[in-house]
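Examination of the molecular architecture
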Amino acid sequence: MSPSKIVITGTIASGKSTLCKLLEEMGYKVISADEVNRALLEPGSKNFEAIKNSGEFDEAFNNESFDKKALAQIIFSDSQKLKKLNQLTHRNILDEIENQIAKLDESVVFIEIPLFFQMEEKFVANEVWLVVANYETQLQRLMTRDNIDRAYAKSKIESQDQLLTMKENSNVVFDNSTSIENLRKELEIVLKQKDLL
Ligand SMILES: CC(C)(COP(=O)(O)OP(=O)(O)OC[C@H]1O[C@@H](n2cnc3c(N)ncnc32)[C@H](O)[C@@H]1O)[C@@H](O)C(=O)NCCC(=O)NCCS
Ligand SMILES: Nc1ncnc2c1ncn2[C@@H]1O[C@H](COP(=O)(O)OP(=O)(O)OP(=O)(O)O)[C@@H](O)[C@H]1O
């Protein structure tokens, strides 16, 4: 039987990966859309080829080498380019996730999809769990983790969707504005409620 699919989503630097790490430590299977995309961005792989062949992101390619930071700079300052990149990559990411799920022998699988709500291509899930943190906390964590300034961190956060709509469409909302220990406690409560522990 195919596993129950629980999507973990949330805005940038809200703590999705941190929550997924806690789940992995507890023994659950987690698939990350960012990791799947990273593999698909290797030279010769589907998303690398799609982006290169589109001719729309030539500034990110220098001879054969590919600069992800340059690509990120382009898409976070140009909404048309962002849309184009999404059209080139999202179907491939979701197809690869489904391929990986089909090979699993698990009752439940967690899939971290940062852009779950924004994607035009839809992923069908049994539940959606959202991770949020208050704006200032999110901004500070993003600046520290990625070593970027406040203005760029803000533009990354603001290129994403409305939080309220995301909350309304999620089965569970985790508040990760305080400690990781508190996040772990919230997670244990939810897993018990859902009979997953
Ligand atoms: C722009 C790229 C090259 C930057 O790569 P990098 O390794 O530096 O970052 P990484 O992939 O780990 O993404 C980090 C975070 O940036 C945000 N982000 C990435 N892509 C996008 C996007 N298209 N729109 C909005 N936010 C995005 C997400 O919150 C994501 O979790 C890469 O993110 C990319 O190819 N993005 C397009 C594919 C995509 O949409 N990926 C997200 C899968 S849900
Ligand atoms: N409760 C917490 N207390 C302190 N630091 C935290 C907490 N949760 C996450 N962090 C830190 O904040 C940063 C962002 O967290 P994380 O990488 O889990 O977010 P994310 O939502 O997966 O980000 P992205 O959207 O970029 O993939 C990381 O450096 C992480 O170590």
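None of the values given here were measured: they were computed from a predicted structure.

1. Considering the pattern of salt bridges
The final tally for this structure, using the stated rule, is 11 salt bridges. Across the pair E121 and R91 runs a salt bridge whose closest N-O atoms are separated by 2.7 Å. In this pair, E121 sits in the loop between β5 (108-112) and β6 (127-132) while R91 sits in helix α5 (residues 79-102), placing the two residues 30 residues apart along the sequence. Judged by relative accessible area, R91 falls into the partly exposed class, the value being 31%. Residue K156 pairs with D146 through a salt bridge whose shortest N-O separation is 3.8 Å. On the criterion of sequence distance, the pair formed by K156 in helix α7 (residues 150-158) and D146 in helix α6 (residues 135-146) is long-range, its members being 10 residues apart. What makes K156 buried here is its relative accessible area of 11%. Judged by relative accessible area, which is 27%, D146 ranks as partly exposed.

2. Here we look at the site of ligand 2
Lining the immediate surroundings of ligand 2 are 16 residues, of which K16, S17, T18, R145 and N176 lie closest. At 3.2 Å, a backbone N or O of S14 approaches an oxygen atom of ligand 2. Between an oxygen atom of ligand 2 and a side-chain N or O atom of T18, the distance comes to 2.6 Å. Starting from 630 Å² of accessible surface for ligand 2 in isolation, the protein chains cover 76%. Among the secondary structure elements, those contributing two or more residues to the shell around ligand 2 are α1 (16-25) and α6. The element that contributes the greatest number of residues to the shell around ligand 2 is α1, accounting for three residues. Of the residues in the shell around ligand 2, the class split is three nonpolar, eight polar and five charged.

Rules used throughout
- Residues numbered from 1 in each chain as written.
- Chains lettered and ligands numbered in written order.
- Predicted model: local features only at pLDDT ≥ 70, side-chain atom pairs only at ≥ 80, totals over all residues.
- Heavy atoms only, no water.
- Salt bridge = Lys/Arg side-chain N within 4 Å of Asp/Glu carboxyl O.
- Helix = DSSP H or I, 4+ residues; strand = E, 2+ residues; numbered from the N terminus.
- Buried < 20%, exposed > 50% of the residue type's maximum accessible area, 1.4 Å probe, protein only.
- Near = heavy atom within 4 Å.
- Polar contact = N/O pair within 3.5 Å; in protein donor to acceptor, adjacent residues only side chain to side chain.
- Areas by Shrake-Rupley, 256 points an atom, 1.4 Å probe, with all protein chains shown as cover.
- Nonpolar A, V, L, I, M, F, W, Y, C, P; charged D, E, K, R; others polar.

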